[in-house]
Amino acid sequence: MTPKLDFNTPVYALAPLAGYTDLPFRNVVKKFGADLTVSEMLSSNALAYGSAKTLKMLERSPNEDPYSVQIAGSEEEIVRRAVEVLNGQEEIDIIDLNCGCPVPKIVCHGSGSSLLNDLPRMARIIETIKKTSNKSTLSVKIRLGFESKNHIEIAKLVEGCGADFLAVHGRTRAGKFKAPVDYDAIGEIKAAVRIPVIANGDIDSFEKAQWVLNHTKADGVMIGRGAVGAPWIFHQLKTGSATVDPMIKHAIIMEHLDGMVRFYGARGVITFRKHVHTYSKGYEGASALRDLVNRIDDPLHYREVVDEFFRTHRQIAEGFKASDLVCEC
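Below you will find a few notes about this structure.

Cut-offs applied
- Residues numbered from 1 in each chain as written.
- Predicted model: local features only at pLDDT ≥ 70, side-chain atom pairs only at ≥ 80, totals over all residues.
- Heavy atoms only, no water.
- Phe/Tyr/Trp six-rings, centres within 6.5 Å; stacked < 30°, edge-to-face > 60°.
- Buried < 20%, exposed > 50% of the residue type's maximum accessible area, 1.4 Å probe, protein only.
- Lys NZ or Arg CZ within 6 Å of the ring centre and 35° of its normal.
- Helix = DSSP H or I, 4+ residues; strand = E, 2+ residues; numbered from the N terminus.
- Pairing = 2+ DSSP bridges.
- Right-handed = clockwise from strand over helix to strand, strands pointing away.
- Contact = heavy atoms within 4.5 Å.
- Axes fitted to C-alpha atoms, helices over the stretch in contact; angles between N-to-C directions.
- Parallel < 35°, antiparallel > 145°, perpendicular 65-115°, else oblique.
- Left-handed = near helix turned anticlockwise from the far one by under 90°.
- Nonpolar A, V, L, I, M, F, W, Y, C, P; charged D, E, K, R; others polar.

## Looking at the packing of aromatic side chains
Evaluated as defined, the whole model comprises nine aromatic pairs. Ring centres 5.0 Å apart and planes at 85° place the aromatic pair F309 and F310 in the edge-to-face group. The exposure classification of F309 matches that of F310, with both residues buried. Grouping aromatic residues by their ring pairs yields a cluster made of W232, F272, Y279 and Y302. Over the ring of Y49 we find R81; its NZ or CZ atom is 4.7 Å from the centre of that ring. Lying across the ring of F177, R143 places its NZ or CZ 5.1 Å from the centre.

Laid out in structure tokens, this is it:
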């Protein structure tokens, strides 16, 4: 099969975010400029044993082309069985192996960034996916190391095992989400391997994305927490303009809300409350809006309130970051 992702121009990708990058959110960022969307991180065990909730999370929006599914796992046989499940899903183009998640409950099971502590196991799992998968593309997401950096060794291992491209979060596992991102190290990886490299970590504005691309010479950027509350960052990158028409922001917010209700039914308005919080940061009357929507369950009434607010209220401040709200995998 021919890979669908074109690296001749910079690739703008949405990173997996636990509890945020569900189908409605991915649909919005894809519609407004993202080149690549990735599912929330899925457990290989859950896939292998047929978890209905996990299988539901595989669903993609019709506009997600290409579409990547990220899996985490520590046992070759379980990963193989998970990939066989994914093989039966024709709408998936890319399988991505998570080797970067720093969350303790993932690491203690030997998955995520724990694999950076056991490179032979990591290599066997990548090779298992490569051998088993019927998808056109295999990618791997890494950090720079576990306790300390050995990023070149890790990147060359990933390349040698047959991955088609690499996403690099520019911290070690020990750095969690607070240590400064080492963009120099991402640039060193780019110079050391032949496969495309996507830079990730604290890319929270149009200007920062442009700087990271220029500084690292990476083939693209992957934006996660920076897109929460500001999914129009992909529109900015595609248009090459730092400014966003308020009507575009309004359209994105309403598209997101409508998608949540279509996907989750009435529960979508409850799930969307956290997004109202991030979208309304810096707006006049944001506190009153959040208080009001927390007491509305009816989808039509909820939509009317949100629609009226973002059509008529003025944004007075920028700079909200979702760093403390979400886990980027």
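## Remarks on the pairing of strand β9 (residues 220-223)
Side chains G220 and M222 project from β9 onto one buried face, and the interleaved V221 and I223 project onto a second face that is buried too. Pairing analysis gives three bridges linking strand β8 (residues 197-200) to β9, with the strands arranged parallel. Its bridge partner lying in β9, N200 is registered against M222. Assessed by its sense of winding, the connection that carries the chain from β8 through helix α9 (residues 206-216) to β9 is right-handed.

## A short note on the side chain of N27
Take N27: it is sitting in helix α1 (residues 23-31). Relative accessible area serves as the criterion here: at 11%, N27 is assigned to the buried category. Leaving out residues up to four positions away in the same chain, N27 has contacts with S61, N63 and E255.

## Quick word on the packing of helix α7 (residues 151-160) against helix α8 (residues 183-192)
Closest axis-to-axis distance for the α7/α8 pair is 9 Å, and the angle between their directions is 40°. Relative to α8, α7 is oriented oblique. Crossing geometry of α7 relative to α8 is assigned as right-handed. In this structure, α7 uses H151, I152, A155 and K156 to contact α8, whose residues at the interface are A185, E188, I189 and A192. Residues that form the contact of α7 with α8 fall into these classes: five nonpolar, one polar and two charged.

None of the figures reported here should be taken as evidence of function without further support.
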